[in-house]
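Structure at a glance
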Amino acid sequence: MLRNALIKKYVNAKDIERIIGHSSTVYLKRSILTIVLLFVVFIIFSLLNHTSPAEYWKWIFGGIWLLLFAKRAIDFLDAYLDCLILTKDSVILFLREGLLEYKTEVFSRNKITTISRNQNWLWDKLFGKGDLLIKLEFDTEFPFADISAPKKQAGKLTVLKESFLTKQKQTIEKDLLFLLKQWVKLSKNIWKKITQIHKK
């Protein structure tokens, strides 16, 4: 997928499990708006060229058309690359802002306190899109708007969080068991030494 290849250039995230992006309705809306704006520019050009034909109208409106198209393409790419990246032990919120700027927020899965979702309007329910809100400790919030199937995505995030916490708990228990065994072994050796010294 194109998004995965582009994201890997910005974010050094090994073991990417899932990438959650915006709903396709976001792109459809922007595409329709771009087509309408370009058509309006063409209509204005046609009217001006018909009423007062001149060679420079083509250059002026050609430049306006190209600038408008470039701006809309950058906006489309910004929305396309905005995503939540789920790795084995963290969640990365990646937001692209303009041509050269981007922002990443990285947080561990064990810092997530709640994952909520909502669908505000009939339009959201009709097209199966909504918002996702991830709350961390100390009431820090990370909203991510206009995603497809928010209930499904929130469920997957919750399952991944729970599996991470279970693995983390198992690792801690394994480490504690190892330390306890080492303590028992050390205690036995100390007791053995004490009894040997006491017998002499």
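Residues numbered from 1 in each chain as written. Predicted model: local features only at pLDDT ≥ 70, side-chain atom pairs only at ≥ 80, totals over all residues. Heavy atoms only, no water.

Quick notes on the overall build of the chain
- Summing up its helical and strand segments, the chain has five helices and seven strands in all.
- Expressed as a percentage of its 200 residues, the buried residues of the chain come to 28%.
- Considering only intrachain contacts with a sequence separation of at least 6, the fraction spanning at least 24 residues in the chain is 53%.
- Approximately 14200 Å² of the chain is accessible, and the part contributed by carbon and sulfur atoms is 65%.
- Computing the positive centroid from 33 side-chain charges and the negative centroid from 19, the chain places the two 12 Å apart. (Helix = DSSP H or I, 4+ residues; strand = E, 2+ residues; numbered from the N terminus. Buried < 20%, exposed > 50% of the residue type's maximum accessible area, 1.4 Å probe, protein only. Contact = heavy atoms within 4.5 Å. Areas by Shrake-Rupley, 256 points an atom, 1.4 Å probe, with all protein chains shown as cover. Lys, Arg positive; Asp, Glu negative; His and termini not counted. Charge placed at Lys NZ, Arg CZ, Asp CG, Glu CD.)

Side note on the environment of Glu173
- If you trace the backbone, Glu173 turns up in helix H5 (residues 150–199).
- In this structure, the C-alpha to C-alpha distance between Glu173 and Val106, residues 67 residues apart in sequence, is 26 Å.

Section: the pattern of salt bridges
- Tallied over the entire structure, the rule returns three salt bridges.
- Linking Lys71 and Asp75 is a salt bridge whose minimum nitrogen-to-oxygen distance equals 2.9 Å. Note that Lys71 and Asp75 are positioned in helix H3 (residues 55–81) at a spacing of four residues, about one turn of the helix.
- Given a relative accessible area of 46%, Lys71 falls into the partly exposed group. (Salt bridge = Lys/Arg side-chain N within 4 Å of Asp/Glu carboxyl O.)

Considerations on the sheet that holds strand E7 (residues 141–148)
- Across the sheet, which stays open at both edges, the three strands sit in the order E5-E6-E7 with antiparallel pairing between neighbours. Either end of the sheet is taken by a strand with one partner, and the two such strands are strand E5 (112–118) and E7. Adjacent strand axes in the sheet meet at a mean angle of 20°, parallel and antiparallel pairs treated alike.
- Lying over the sheet, H5 contacts E5, strand E6 (129–136) and E7, oriented at roughly 165° with respect to E5. (Pairing = 2+ DSSP bridges. Axes fitted to C-alpha atoms, helices over the stretch in contact; angles between N-to-C directions.)

Remarks on H5
- Between its terminal C-alpha atoms H5 stretches 73 Å, which fits the 74 Å expected from 50 residues at 1.5 Å a residue.
- Turning to H5, its buried residues number three or more, namely Pro150, Gln153, Ala154, Leu157, Leu160, Lys161 and Phe164. (Expected span 1.5 Å × (residues − 1).)

Comments concerning the sheet that holds strand E1 (residues 16–21)
- With respect to topology, four strands assemble into an open sheet ordered E1-E2-E3-E4, the strand pairing being antiparallel. If you trace the sheet from one side to the other, it starts and ends with E1 and strand E4 (101–108), each paired once. Strand-to-strand twist of the sheet, defined as the mean angle between neighbouring strand axes without regard to direction, takes the value 20°.
- Examined bridge by bridge, E1 and strand E2 (residues 83–87) share five bridges and lie antiparallel to one another. The partner of Gly21 across the bridge, within E2, is Cys83.
- Sitting on the sheet, H3 touches E2 and strand E3 (90–97), and the angle it makes with E3 is about 175°.
- Most of the contacts of H5 go to E1, to which it runs at about 155°, and overall it touches E1, E2, E3 and E4.

Points about the packing of aromatic side chains
- Here the structure, examined in full by the defined rule, presents five aromatic pairs.
- On the numbers, 5.9 Å between centres and 45° between planes, the contact of Trp57 with Phe61 is tilted. In this pair, Trp57 and Phe61 are both assigned in helix H3, four residues apart and thus about one turn of the helix distant. There is no split in this pair, since Trp57 and Phe61 are both buried.
- Among the aromatic side chains, those forming a connected cluster through ring pairs are Phe42, Phe45, Tyr56, Trp57 and Phe61. (Phe/Tyr/Trp six-rings, centres within 6.5 Å; stacked < 30°, edge-to-face > 60°.)

Some points on the packing of helix H2 (residues 24–51) against H3
- Orientation of H2 relative to H3, taken along the N-to-C sense of each, is 175°, at an axis distance of 10 Å. In terms of orientation, H2 lies roughly antiparallel with respect to H3.
- Taken together, the residues of the contact of H2 with H3 break down into 18 nonpolar, three polar and four charged. (Parallel < 35°, antiparallel > 145°, perpendicular 65-115°, else oblique. Nonpolar A, V, L, I, M, F, W, Y, C, P; charged D, E, K, R; others polar.)

Looking at a nonpolar patch on the surface
- Nonpolar side chains collect at one region of the surface, where Leu177, Leu180, Trp183, Val184, Leu186, Ile190, Trp191 and Ile194 lie side by side and expose about 840 Å² of accessible area between them.
- You can see Leu186 is positioned in helix H5.
- A residue is classified by how much of its surface remains accessible, and Leu186, at 44% relative accessible area, is partly exposed. (Patch = residues over 30% accessible without salt bridge, like charges linked within 9 Å, V, L, I, M, F, W, Y side chains within 5 Å.)

A closer look at the confidence of the model for the chain
- Per-residue confidence for the chain gives a mean pLDDT of 80, with 96% of residues at or over 70.
- By mean pLDDT, helix H1 (residues 2–10) is the weakest element of the chain at 72, and H2 is the strongest at 84. (pLDDT = per-residue confidence, 0-100.)

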